[in-house]
Amino acid sequence: TPYHIQVVAAHLFAALLLAWTSHRLGANAVQAFLTGLLFLLNVAHFRSIHWIASIGYPLSLIFSLSTLICHHTWQQTPRLRWQIGTLSFLALAIWTHPSAASVLLFLVYLTWRKNPAPRQVAIQTWPLFGVTFSCTGLVYLLYPQSTQVPAVTSSMDPFRILKMLLWYLSRLLTAANWLFVDLRDEPKIWELAVGALVLLGLFFLSRCKQHPLSAFALWTVITILPFINTDSGGRWTPAGPSRHLYFSSAGSSFILAWSLLELCNRVGTLSRQRVQQGLSLALTLSLIASSIWALKRTEAISYYAS
């Protein structure tokens, strides 16, 4: 039991840190805390919390979000301590779980958006590249039997990569704060079609001028990339909720929170403020109830499978 409590505590801290990170990236307080709430109860990463051996995922996300906060602060006030904090937390994130190396691409994007000059981007990000490649190489050198090794050493199959990408993206929607899918080891055609629609939607959101929305849309895709070059069998499959969606569900939770609030704001322009507040409360409570029901369902399925 203490091990399970430890994982839940780490997950709770990750949800609170996600809310703070969202606020630092430009979201208001309501969007930030709703993002943390939906992430806390997200069904997509059930296995990250249910399996005590997967505690590396919430711990790595904690260090990754700390990296983003330090990097964002360093861009605002370029002091050496914030740059050291960025490099230190990035190293801890990668050592905790190698898939956190994908955060490097997101940091490069944030740097480019702040100053799109290629020379300045190279100057500001070369230490990040050095830490990422050295830490990732050290992890594989010390732990060659890591379960992440096949994702790097497997042959590149474009069709398999595309299928896994669409499958993961579809599960971010069909198994978010609800569960609309049956737990199988092979995706259905309609799931891949949903994944294609999600990818298209994320593309348009990434081009949106709203700062946090475009950032989290890119985060959702970038953090899935370490897992898409895998076989679609056995433990690698995202059958049902998957621990591989833990990082990316942080971005999809923000998008879901933004969509819910945007819907309520649109309704508020056509009616009274009390109607808008009532709708916001009703939708939030409905998502909480749906999340709890889906989490209990996945818990029962997990026990049955074991």
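Let me begin by describing the structure that accompanies this report.

Now for the overall build of the protein. When helices and strands are counted, the protein shows 13 helices and zero strands. Computed over its C-alpha atoms, the radius of gyration of the protein comes to 19 Å, within 12% of the 19 Å expected for a compact globule of 306 residues. Across its three principal directions, the C-alpha atoms of the protein cover 50 × 45 × 40 Å. Expressed as a percentage of the 306 residues in the protein, the buried residues total 52%. Within the protein, contacts between residues at least 6 apart in sequence are counted, and of these 78% link residues at least 24 apart. Total accessible area on the protein stands at roughly 14900 Å², and carbon and sulfur atoms take up 69% of it. The average position of the 21 basic charges and that of the 8 acidic charges among the side chains of the protein differ by 17 Å.

Going through the model one piece at a time under the given rule, you end up with three salt bridges. Where glutamate 191 meets arginine 171, a salt bridge forms, and the shortest distance between an N and an O atom there is 2.7 Å. Of this pair, glutamate 191 sits in helix H10 (residues 189-206) while arginine 171 sits in helix H9 (residues 158-174); the two residues are 20 residues apart in sequence, bridging distant segments of the chain.

All told, the structure shown has ten aromatic pairs when counted by the stated rule. A ring pair is formed by phenylalanine 39 and tyrosine 246, whose centres lie 5.2 Å apart and whose planes are at 65 degrees; its orientation type is edge-to-face. On the criterion of sequence distance, the pair formed by phenylalanine 39 in helix H2 (residues 29-40) and tyrosine 246 in helix H12 (residues 246-270) is long-range, its members being 207 residues apart. Tyrosine 246 carries the same exposure label as phenylalanine 39, and that label is buried. On the basis of an interplanar angle of 25 degrees and a centroid distance of 6.5 Å, the ring pair of phenylalanine 63 and phenylalanine 89 is categorised as stacked. Taken together, the residues span a long stretch of sequence, with phenylalanine 63 in helix H4 (residues 56-76) and phenylalanine 89 in helix H5 (residues 80-96) at a distance of 26 residues. Under the relative-accessibility criterion, phenylalanine 89 is labelled partly exposed at 27%.

Within the element layout of this structure, asparagine 42 appears in the loop between H2 and helix H3 (46-50). Sequence-distant contacts of asparagine 42, that is, excluding residues within four places in its chain, are made with Ala175, Ala176, Asn177, Ser249, Ser252, Ser253 and Leu295.

Conventions adopted
Residues numbered from 1 in each chain as written. Predicted model: local features only at pLDDT ≥ 70, side-chain atom pairs only at ≥ 80, totals over all residues. Heavy atoms only, no water. Helix = DSSP H or I, 4+ residues; strand = E, 2+ residues; numbered from the N terminus. Rg over C-alpha atoms; globule rule 2.2 N^0.38 Å. Buried < 20%, exposed > 50% of the residue type's maximum accessible area, 1.4 Å probe, protein only. Contact = heavy atoms within 4.5 Å. Areas by Shrake-Rupley, 256 points an atom, 1.4 Å probe, with all protein chains shown as cover. Lys, Arg positive; Asp, Glu negative; His and termini not counted. Charge placed at Lys NZ, Arg CZ, Asp CG, Glu CD. Salt bridge = Lys/Arg side-chain N within 4 Å of Asp/Glu carboxyl O. Phe/Tyr/Trp six-rings, centres within 6.5 Å; stacked < 30°, edge-to-face > 60°.

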